[in-house]
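Here are the chains, one letter per residue:
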Amino acid sequence: MRALGRLRLGVNIDHVATVRNARGTAYPDPLRAALLAEAAGADGITAHLREDRRHIRDEDITALMQGLRVPLNLEMATTPEMQAIALRHKPHAVCLVPERREERTTEGGIDVAGDIPRLTDFVAPLREAGCRVSMFIGHDVRQIEASAGIGAAVVELHTGHYCDLMAEGRSAEAARELEALREGAALAHSLGLEVHAGHGISYDTVAEIAAFPQVMELNIGHFLIGEAIFRGLGSAIEGMRRRMDAAREAMA
Ligand code: PXP
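Residues numbered from 1 in each chain as written. Predicted model: local features only at pLDDT ≥ 70, side-chain atom pairs only at ≥ 80, totals over all residues. Heavy atoms only, no water.

1. A closer look at the site of the ligand
Now for step 1: Looking at the ligand, there are 14 residues lining it, with E75, E156, G200, G221 and H222 nearest.
Now for step 2: Within the side chain of E75, an N or O atom sits 3.0 Å from an oxygen atom of the ligand.
Now for step 3: Take G221: an N or O atom from its main chain is 2.8 Å from an oxygen atom of the ligand.
Now for step 4: Summarising the interface, the protein chains cover 95% of the accessible area of the ligand, which totals 390 Å² for the free molecule.
Now for step 5: Here the residues of the shell around the ligand are counted per class, giving four nonpolar, seven polar and three charged. (Near = heavy atom within 4 Å. Polar contact = N/O pair within 3.5 Å; in protein donor to acceptor, adjacent residues only side chain to side chain. Areas by Shrake-Rupley, 256 points an atom, 1.4 Å probe, with all protein chains shown as cover. Nonpolar A, V, L, I, M, F, W, Y, C, P; charged D, E, K, R; others polar.)

What follows is the structure, encoded as structure tokens:
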């Protein structure tokens, strides 16, 4: 089966801000990293403004909106505060994620099916403002159908569990999880949703996910910022881009 479109790479720069905030300094600057990512071939920049501002802060979003040429994908919780911020900045895309203060990262997908009326109302003004609204969900059929039902344009499938299973060498479970993600991508596409994927992706796991023909965008952060310590951010991103392109070419 041929790829349905060029696979975009969204680079998540949250953890540049994590390093900055660890010392309370002004450096390293997330915008500088984002511009470097642009130059290295990123098709978009992703940033998660968490409620506790533990990495990206409000002023980073302002700087990114003003300084970027590629689109910004703003990840955020479904709170009134975050909705107001998104409506003020009107980023290209808004990815809605679950957020509990105590978690280290976004651990599970958002429960769209269990929260349809509220999320329908939450999404509507964002759509009217011109933002592409993406729901960060697991591969569960109910969540995919509910995302289409509330008017989201995009679903981002949570690849974190698959990547964890691979890292732990649990290959049979990983293969089952990959298959479920594959079926989820096909279902979402058949319902008219644009399909993205993200969380936990590294050089070791990107090829299998990039080979899903329906997936249009991968959002990758933590691994790339870690890899940048050893080879520089530009080189780390170029290495990811090469693996994505090779996986796409192999399926053509
Ligand atoms: N996509 C979403 C919705 C996320 O919440 C995150 C983490 O902020 C990512 C992608 C990137 O995940 P990672 O940093 O593990 O590559």
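2. What to know about the nonpolar core
Now for step 1: Judged by nonpolar contacts, the single largest core of 73 residues is most densely connected at I45, M135 and L218.
Now for step 2: For this core, the leading source of residues is helix 11 (residues 233–251), giving six residues.
Now for step 3: Dropping the residues within four chain positions of it, I45 is found in contact with V11, I13, A34, A37, L64, L68, V70, P71, L72 and N73. (Core = buried A, V, L, I, M, F, W, Y, C linked by side-chain atoms within 4.5 Å. Buried < 20%, exposed > 50% of the residue type's maximum accessible area, 1.4 Å probe, protein only. Helix = DSSP H or I, 4+ residues; strand = E, 2+ residues; numbered from the N terminus. Contact = heavy atoms within 4.5 Å.)

3. Let's talk about the sheet that holds strand 7 (residues 194–198)
Now for step 1: In spatial order, the strands read 1-2-3-4-5-6-7-8; together these eight strands close into a barrel with parallel pairing. Averaged over all pairs of adjacent strands, the angle between their axes in this sheet comes to 25 degrees, without regard to strand direction.
Now for step 2: Where strand 5 (residues 132–137) and strand 6 (residues 154–158) come together, four bridges link them in parallel fashion. Along strand 6, the bridge assignment pairs I137 with L157. (Pairing = 2+ DSSP bridges. Axes fitted to C-alpha atoms, helices over the stretch in contact; angles between N-to-C directions.)

4. Brief notes about the UniProt feature "binding site: 1-deoxy-D-xylulose 5-phosphate" (unreviewed entry) in the protein
Now for step 1: UniProt annotation of "binding site: 1-deoxy-D-xylulose 5-phosphate" (unreviewed entry) refers to D14, H15, R50, H55 and T105 when read in the numbering used here. Of the annotated positions mentioned, H15 line the second largest pocket.
Now for step 2: By the secondary structure assignment, D14 is in helix 1 (residues 14–23).
Now for step 3: Residue classification places D14 among the buried positions, given a relative accessible area of 4%. (UniProt positions renumbered as here; feature names shortened; annotations may be inferred. 1 Å grid on protein atoms, 1.4 Å probe; cavity = no way out; pocket = protein on both sides within 12 Å on 5 of 7 lines; lining within 4 Å.)

5. Side note on the pattern of salt bridges
Now for step 1: Counting across every chain of the model gives 17 salt bridges.
Now for step 2: Here D43 and R6 are joined by a salt bridge, their closest N and O atoms 2.8 Å apart. Of the two residues, D43 is situated in the loop between helix 2 (30–39) and strand 2 (44–48) and R6 in the segment before strand 1 (8–12); the sequence distance between them amounts to 37 residues.
Now for step 3: Note that R182 is salt-bridged to E179, the shortest N-O span being 3.0 Å. (Salt bridge = Lys/Arg side-chain N within 4 Å of Asp/Glu carboxyl O.)

6. Considering the layout of surface pockets
Now for step 1: The computed volume of the second largest pocket comes to approximately 240 Å³.
Now for step 2: In terms of lining, the second largest pocket is formed by 13 residues, of which the most central are V16, P28, A33, I225 and L233.
Now for step 3: Elements supplying a minimum of two residues to the lining of the second largest pocket: helix 1, helix 2 and helix 10 (222–231).
Now for step 4: Per-element accounting of the lining of the second largest pocket gives the leading share, four residues, to helix 10.
Now for step 5: By residue class, the composition of the lining of the second largest pocket is nine nonpolar, two polar and two charged. (Points joined across faces, edges and corners; volume = space filled by probe spheres on them.)

7. Observations concerning helix 6 (residues 141–149)
Now for step 1: Q143, I144, A146 and S147 are the residues of helix 6 that are buried. Buried positions in helix 6, seen along its axis, are confined to an arc of 165 degrees and lie on one side of it. Along helix 6, exposed side chains directed more than 90 degrees from the buried face belong to R142 and G149.
Now for step 2: Buried-residue contacts for helix 6 involve helix 5 (116–128), strand 5, strand 6 and helix 8 (171–190).
Now for step 3: The backbone nitrogen of R142 lies 3.1 Å from a side-chain oxygen of the residue at the head of helix 6, namely D140. (Arc of directions from axis to C-beta.)

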